[in-house]
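Observations on the model geometry
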Amino acid sequence: MTLFGKKTKHIALATIIFVSGLISLSTITNGHNWGGDFAAYIMQAESLLDNSTHDFIKENGFAIKNSNVHFAPISYPWGYPFLLASMIYFMGSNLFAMKLLNIFLYALFLGILFLFLQKRLSSLDTLILVAILAINPVFLSLHNFIISDIAFLFFSTLTIFLIDHTFPQDKISIRFSGRQIILGFVIFLAFSIRTNGILLLFSLIVYDLFSSLQKKRFSLTYFSSYFVFIILWVLYSLWLPGGENSHFSFLGEANLTSVRENIIYYFELGKTFFRHIHNPALIYNISLFFFLVGLRYRYKEDLFLIIYFFFTLALYIFWPFQQGVRFLLPVFPLFIYLFLQGLKAFSVFIQKKTRCSMAFQTILFALLLVLFMPQTVISAKSLFETPKPAIVSTG
């Protein structure tokens with residue numbers, strides 16, 4: 001007898017997503033601070049509605065090129081401005097409405113994450129992991145900003161889910177071609193939101209080649225996905241003016257000093273996700289140990305996840321700028337998943353040595369107590385607090 005029936009499991013998931021959305025809704029404001037890229041995103045969205053994208057590139061390009069400090073590309077990828085444009089079209093230039101997009105996309109992310117994990121973990125373990133992310137104050141605090149990171153988190157996770165359900169490694173069949181087309185389309189959507197979405201494509205190619213080596217014969221299993229991506233990229237480039245390509249020029253500013261500093265910076269930044277827990281450094285270091293165990297335990301079954309995880313970290317290490325915790329959003333759920341798998345493998349080892357069948361459940365609920373409860377209190381508390389007024393007001 002299973003602990004969760006199908007209906008109970010779905011009700012529990014819906015409850016988790018609803019609570020997460022309610023907490024987020026209670027914390028977002030009608031304004032925005034002066035930092036970040038929100039103004040450029042809004043201007044790009046408005047240029048799409050006004051059919052003035054070339055004018056935007058011309059004017060913003062002049063400002064960027066004549067600035068003493070090169071702090072941003074001429075334009076950002078057009079995917080996220082497209083999403084904002086739909087909100088502006090129906091609700092006007094309302095910052096609060098634009099932030100609702102984050103809540104909606106985060107809810108979709110939680111749902112897709114659940115679907116991805118349920119074939120790898122038990123229902124209870126899956127719900128616990130989703131719940132930990134659903135009420136994590138670090139994730140939810142970003143909902144009050146007009147940024148592309150939440151949208152990219154959803155589409156990158158959707159890509160991972162589709163790869164997992166598109167082509168079983170031990171079977172080749174033409175009936176999966178339709179799913180491969182969808183996969184190529186979703187990878188392109190991720191790339192159109194953030195340029196580092198190209199890492200999803202690179203990771204898939206490397207994963208494909210590794211699979212070929214294992215089969216001892218060359219084959220591009222996901223050829224349809226690559227083809228769809230290339231076609232969409234060509235159409236996208238012909239339709240919309242470029243500008244985000246200037247982003248890649250920043251890689252030329254990387255040097256040994258910046259690489260060394262970034263390795264230390266991102267290693268330390270990981271503990272930010274545990275900052276609302278007592279002694280976050282200790283919890284983070286323990287999680288690193290079990291994460292490494294998870295890598296060893298799951299490197300065959302979750303090869304694509306591991307490739308994408310380290311490709312992403314490598315990009316951030318060589319990127320000359322440090323953008324804070326939001327850069328780690330797409331890979332932190334993968335970190336927690338492999339952490340939990342490492343914990344599970346360790347518990348199996350303990351069971352074999354001690355013959356204690358309850359070892360894993362005991363460790364898991366200890367994890368729940370440490371990670372889940374403090375964040376629940378902090379997140380629930382925000383429901384009863386009045387948000388501080390934002391610097392920029394929409395009236």
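Everything numeric here is computed off the predicted structure, so don't read it as measured data.

A few points about the confidence of the model for the chain
Mean pLDDT for the chain: 82, with 79% of residues reaching 70 or above. The lowest-confidence element of the chain is strand S2 (residues 392–393), averaging 41 in pLDDT; the highest-confidence one is helix H5 (residues 95–117), averaging 95. Across residues 168–176 the pLDDT falls below 50, and counting only partners more than four positions away or on other chains, this stretch makes 10 contacts in the model. Within the model, pLDDT remains below 50 along residues 386–395, and this stretch shows 18 contacts once partners closer than five positions in the same chain are excluded.

A closer look at the packing of H5 against helix H6 (residues 123–134)
Viewed as axis vectors pointing N to C, H5 and H6 meet at an angle of 155°, and their least axial separation amounts to 10 Å. Judged on the interaxial angle alone, H6 and H5 are roughly antiparallel. Seen from above, H5 lies across H6 with right-handed handedness. Contact residues: Tyr106, Phe109, Leu110, Leu113, Phe114 and Leu117 in H5; Thr126, Leu127, Leu129, Val130, Leu133 and Ala134 in H6. Split into classes, the residues belonging to the contact of H5 with H6 amount to 11 nonpolar, 1 polar and no charged.

Focus on helix H12 (residues 256–269)
When the terminal C-alpha atoms of H12 are compared, their 20 Å separation across 14 residues agrees well with the 20 Å that a helix rising 1.5 Å per residue should span. Considered for burial, the residues of H12 that qualify are Ser258, Val259, Asn262, Tyr266 and Leu269. For H12, the angular spread of the buried residues around the axis is 95°, confining them to a single face. In H12, the exposed residues that point more than 90 degrees away from the buried face are Leu256 and Ile264.

Focus: the environment of Gln341
With respect to the secondary-structure elements, Gln341 resides in helix H15 (residues 332–354). Residues Gln341 and Phe291 lie 50 residues apart in sequence; the distance between their C-alpha atoms is 7.7 Å. Excluding residues that lie within four positions of it along the chain, Gln341 makes contacts with Arg120, Leu121, Gly294, Tyr297 and Arg298.

Thoughts on the packing of aromatic side chains
Under the defined criterion, the tally for this structure stands at 33 aromatic pairs. Judged by centre distance (6.2 Å) and plane angle (70°), the ring pair of Phe188 and Phe229 falls under edge-to-face. Placement of the pair is Phe188 in helix H9 (residues 177–193) and Phe229 in helix H11 (residues 223–239), with a sequence separation of 41 residues. Seen from their ring centres, Phe332 and Phe335 are 6.0 Å apart, and the 20° between their planes marks the pair as stacked. On the criterion of helical spacing, the pair formed by Phe332 and Phe335 is a turn pair, its members being 3 residues apart in helix H15. The exposure class of Phe332 is buried, given its relative accessible area of 6%. The buried category is assigned to Phe335, whose relative accessible area is 7%. One aromatic cluster is present, built from ring pairs that chain together Tyr106, Phe109, Phe139, Phe267, Phe273, Phe274, Tyr284, Phe291, Phe309, Phe310, Phe332 and Phe335.

Observations regarding the side chain of Ser47
Relative to the elements of secondary structure, Ser47 occurs in helix H2 (residues 38–50). Ignoring sequence-local partners within four residues, the contact set of Ser47 consists of Ser52, Thr53, Phe56 and Trp78.

Quick look at a nonpolar patch on the surface
Together, Leu49, Tyr89, Phe90 and Met91 make up an exposed nonpolar region whose accessible area comes to about 500 Å². Here Leu49 shows up in helix H2.

Notes on the pattern of salt bridges
A full pass over the atoms with the stated rule returns 8 salt bridges. Residue Asp164 pairs with Arg120 through a salt bridge whose shortest N-O separation is 2.7 Å. In this pair, Asp164 is assigned in helix H8 (residues 149–166) and Arg120 in the loop between H5 and H6, connecting sequence segments 44 residues apart. Among the residues examined, Asp164 registers a relative accessible area of 22% and is labelled partly exposed. For the salt bridge of Arg326 with Asp149, the shortest nitrogen-to-oxygen distance reads 2.7 Å. Of the two residues, Arg326 is situated in the loop between helix H14 (303–318) and H15 and Asp149 in helix H8; the sequence distance between them amounts to 177 residues. Given a relative accessible area of 14%, Arg326 falls into the buried group. Because the salt bridges share partners, they merge into one network encompassing Lys119, Arg120, Asp164, Arg298 and Asp302.

Criteria and cut-off values
- Residues numbered from 1 in each chain as written.
- Predicted model: local features only at pLDDT ≥ 70, side-chain atom pairs only at ≥ 80, totals over all residues.
- Heavy atoms only, no water.
- pLDDT = per-residue confidence, 0-100.
- Helix = DSSP H or I, 4+ residues; strand = E, 2+ residues; numbered from the N terminus.
- Contact = heavy atoms within 4.5 Å.
- Axes fitted to C-alpha atoms, helices over the stretch in contact; angles between N-to-C directions.
- Parallel < 35°, antiparallel > 145°, perpendicular 65-115°, else oblique.
- Left-handed = near helix turned anticlockwise from the far one by under 90°.
- Nonpolar A, V, L, I, M, F, W, Y, C, P; charged D, E, K, R; others polar.
- Expected span 1.5 Å × (residues − 1).
- Buried < 20%, exposed > 50% of the residue type's maximum accessible area, 1.4 Å probe, protein only.
- Arc of directions from axis to C-beta.
- Phe/Tyr/Trp six-rings, centres within 6.5 Å; stacked < 30°, edge-to-face > 60°.
- Patch = residues over 30% accessible without salt bridge, like charges linked within 9 Å, V, L, I, M, F, W, Y side chains within 5 Å.
- Areas by Shrake-Rupley, 256 points an atom, 1.4 Å probe, with all protein chains shown as cover.
- Salt bridge = Lys/Arg side-chain N within 4 Å of Asp/Glu carboxyl O.

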